[in-house]
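Notes for the structure review
Here is what each chain is made of, one letter per residue.
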Amino acid sequence: MSDFPHFEYQQNALYVESVPLETIASKFGTPCYVYSRAALITTYQAFEQAFADDDFLICYAVKANSNLAILNLLVRLGSGFDIVSGGELQRVIKAGGDPQKIVFSGVGKQADEMRMALATDILCFNVESAAELQLLNQIAAAMNKVAPVSLRVNPDVDAKTHPYISTGLKENKFGIPLEEAEQIYFSADQFPHIRFTGLDCHIGSQLTELDPFTQAGEKLVSLLQRLKSGNQQITHLDLGGGLGIRYSTETPPSIQTYVNALRKTLGTNKVRLLIEPGRSLVGNAGLLLTRTIYLKHTPDRHFAIVDAAMNDLMRPSLYNAYHEILPVLKRNGDLCNYQVVGPVCETGDFLGHDRKFSLEAADLLAVMSAGAYGTSMSSNYNTRPRAAEVMVDGDTVHLIRARETIDQLTASETILPA
Ligand SMILES: *Cc1c(COP(=O)(O)O)cnc(C)c1O
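Quick notes on the rules
- Residues numbered from 1 in each chain as written.
- Predicted model: local features only at pLDDT ≥ 70, side-chain atom pairs only at ≥ 80, totals over all residues.
- Heavy atoms only, no water.
- Helix = DSSP H or I, 4+ residues; strand = E, 2+ residues; numbered from the N terminus.
- Rg over C-alpha atoms; globule rule 2.2 N^0.38 Å.
- Buried < 20%, exposed > 50% of the residue type's maximum accessible area, 1.4 Å probe, protein only.
- Contact = heavy atoms within 4.5 Å.
- Areas by Shrake-Rupley, 256 points an atom, 1.4 Å probe, with all protein chains shown as cover.
- Lys, Arg positive; Asp, Glu negative; His and termini not counted.
- Charge placed at Lys NZ, Arg CZ, Asp CG, Glu CD.
- UniProt positions renumbered as here; feature names shortened; annotations may be inferred.
- Near = heavy atom within 4 Å.
- Polar contact = N/O pair within 3.5 Å; in protein donor to acceptor, adjacent residues only side chain to side chain.
- Pairing = 2+ DSSP bridges.
- Phe/Tyr/Trp six-rings, centres within 6.5 Å; stacked < 30°, edge-to-face > 60°.
- Lys NZ or Arg CZ within 6 Å of the ring centre and 35° of its normal.
- Domains from an automatic or database assignment.
- Buried area = accessible area lost by both parts, 1.4 Å probe.
- Salt bridge = Lys/Arg side-chain N within 4 Å of Asp/Glu carboxyl O.
- Nonpolar A, V, L, I, M, F, W, Y, C, P; charged D, E, K, R; others polar.
- Expected span 1.5 Å × (residues − 1).
- Arc of directions from axis to C-beta.

**Here's the deal with the overall build of the protein chain**
Scanning the protein chain from terminus to terminus reveals twelve helices and 21 strands. Against the globule reference of 22 Å for 418 residues, the protein chain gives a C-alpha radius of gyration of 23 Å, in line with a compact fold. Here the C-alpha coordinates of the protein chain stretch approximately 70 × 65 × 40 Å along the principal axes. The buried share of the protein chain, reckoned over its 418 residues, is 53%. The contacts of the protein chain with a sequence gap of at least 6 include a subset with a gap of at least 24, amounting to 69%. Accessible area of the protein chain: about 18200 Å², with a carbon and sulfur share of 50%. On the protein chain, the mean spot of the 36 positive side-chain charges and the mean spot of the 46 negative ones are 2 Å from each other.

Next up, the structure:
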């Protein structure tokens, strides 16, 4: 058994749904991202069911994994989207997304991105500063439009997660301090091309406790009540994303427990509840499949040098993040303590330290929980083409992104004239 539903051993071979990973490696090559359609659908439905009959909208955070096939699957399930760039807006539209289910977050929205989003008639801009609000007002005026806006409030709560992905402390660059946000809402008449329709926060990522969500939720709900008694027409509360997943021994709250806690902070206030889950929707729906190139034994250490690297999956190098690594074929031989590393010329290029397997050269390994912030953070460092991506549906494997070619990597480069 593995801890990952839809990614299970049968005899000694690791499968995704009904397909052996060995088959995928020989057909599509490695490194390769492999997703389970069933895992994605089950998780989306868990969110949906947790809200029961409430008025809610799930806005999947596109940056977690922006592959068109994943976006399109979520479109078919009725999902909305949280975007952070004009590029992500174009992806969602290309995948068939409904603009009236799109919210636009991010501290540095640029004029052309605002124009694009206004022209598309998105549901809401999550505005993160007074300066951004002024620019949006100007641009909307020039287009003869009224921009629907939530202010992203920084509730100053400690998400107790990795400092790089903590966003709700007052020293972080994100959001507007609560008191300032309240003043801006009440100065709405200075912004004739803005309509305040919501209130928003997002306090960080990979949260494994409920407490910070509840604290942030309570601060926002009390502001919501003040806005409502001041006659502001706020129709939705957006509590962001951030629910953690299990990479190894973490025990994050279940989706139901998390959603219940948010609904409880909202109490009897009649507004639509939005959430922006990224990692918790796709993180455990994908893995990175890689093949061992060499086993290298030095007097100090044993290295499994594999064909996936930090450019494919940056999280270990960037946050010292832990990903479970499973052998695709479980062997009965002696266990050896391996450093699982890639071919990139950096000591920080590792996928896992001190992992115990019985391995032979050319064996396949599965780096688990790689569905979120895997391919979307990948790069071409060391002129390495980005990995192929496939989605398994029962006994069928669909290629959803072809492996990049070297020609694609150099296509937009030119040398100086002679
Ligand atoms: C990244 C991000 C999310 C998603 O966070 P997860 O931890 O992946 O759920 C949601 N909202 C905003 C504004 C974000 O920047």
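**Side note on the UniProt feature "active site" (unreviewed entry) in the protein chain**
UniProt's entry tags C345 with the feature "active site" (unreviewed entry), counted in the numbering of this structure. Along the polypeptide, C345 turns up in the loop between strand 17 (336-341) and strand 18 (350-357). The class for C345 is exposed, based on a relative accessible area of 68%.

**Side note on the site of the ligand**
Every one of the 14 residues lining the ligand counts as a neighbour, but K63, S205, E276, R279 and Y373 are closest to it. Within the side chain of H202, one N or O atom sits 3.5 Å away from a nitrogen atom of the ligand. Interatomic distance of 2.3 Å between a side-chain N/O atom of S205 and an oxygen atom of the ligand. Coverage of the ligand by the protein chains reaches 94% of its 390 Å² of free accessible surface.

**Some details on the sheet that holds strand 2 (residues 13-16)**
Strands sit in the order 1-2-3 across an open sheet of three strands; the sheet is antiparallel. Of all strands in the sheet, those with a lone pairing partner are strand 1 (7-10) and strand 3 (19-20), marking the two edges. One ladder, built from two bridges, connects strand 2 with strand 3; its direction is antiparallel. Its bridge partner being in strand 3, V16 is matched across the sheet by V19.

**Description of unusual backbone geometry**
Residue T30 is joined to P31 through a cis peptide bond whose omega torsion reads -5°. Checked against the element boundaries, P31 lands in the loop between helix 1 (21-28) and strand 4 (32-36). Although it is not a glycine, N231 sits at a positive phi angle of roughly 70°. Here the phi dihedral of S369 falls at roughly 55°; this positive angle occurs in a residue that is not glycine. As for its placement among the helices and strands, S369 is situated in the loop between strand 19 (364-367) and strand 20 (388-393).

**Considering the packing of aromatic side chains**
Under the criterion given, the structure shown has eight aromatic pairs. The interplanar angle of 10° and the centroid separation of 6.4 Å between the aromatic rings of Y33 and Y35 together place this pair among those described as stacked. Side by side, Y33 and Y35 carry an identical accessibility label, which is buried. With a centroid separation of 6.4 Å and an interplanar angle of 80°, the aromatic rings of Y60 and F81 are classed as edge-to-face. You can see Y60 sitting in strand 5 (residues 56-61) and its partner F81 sitting in strand 6 (residues 80-83), a full 21 residues away along the chain. Taking relative accessible area as the criterion, F81 reaches 0% and is therefore assigned buried. Over the ring of F104 we find K109, and its NZ or CZ is 5.5 Å from the ring centre.

**Quick word on the domain arrangement of the protein chain**
Domain assignment breaks the protein chain into domain 1 (7-36 + 283-410) and domain 2 (105-277). Here the C-alpha centroids of domain 1 and domain 2 sit 36 Å apart. With ten residues of domain 1 in contact, the opposing surface of domain 2 contributes eight residues. A buried area of about 760 Å², summed over both sides, lies between domain 1 and domain 2, and 57% of it is on carbon and sulfur atoms. Our count for the contact surface shared by domain 1 and domain 2 stands at zero salt bridges. At the surface where domain 1 touches domain 2, the tally comes to one residue pair in polar contact (both at pLDDT 80 or more). Of the residues assigned to the side of domain 1 that touches domain 2, the class counts are four nonpolar, four polar and two charged.

**Thoughts on helix 9 (residues 255-266)**
Note on helix geometry: an α-helix contains 3.6 residues per turn, so any two residues three or four positions apart are oriented the same way. Taking 1.5 Å per residue as the helical rise, helix 9 with its twelve residues ought to reach 16 Å, and the 17 Å between its terminal C-alpha atoms agrees with that figure. Those residues of helix 9 not exposed but buried are I255, Y258, V259, A261, L262, T265 and L266. Looking down the long axis of helix 9, one finds its buried residues gathered within 155° of arc, a one-sided arrangement. Here the buried face of helix 9 lies against helix 2 (37-50), helix 8 (211-229), strand 12 (236-238) and strand 13 (272-275). Looking one or two residues beyond helix 9, the residue adopting positive phi is G267, at roughly 60°.

**Remarks on the pattern of salt bridges**
Taken as a whole, this structure holds 14 salt bridges when the rule is applied. Taking the shortest distance from any N to any O, the salt bridge between K109 and E132 comes out at 2.6 Å. Remark: E132 occurs in helix 6 (residues 130-142) and K109 occurs in the loop between strand 7 (102-104) and helix 5 (111-120); sequence separation between them is 23 residues. Take K109: its relative accessible area is 7%, and that puts it in the buried class. Since its relative accessible area comes to 6%, E132 is described here as buried. Notably, a salt bridge pairs R401 with E404, separated by 4.0 Å at the nearest N-O pair. The class of E404 is buried, set by a relative accessible area of 14%. Each of R386, E389, R401 and E404 takes part in one network of salt bridges that share partners.

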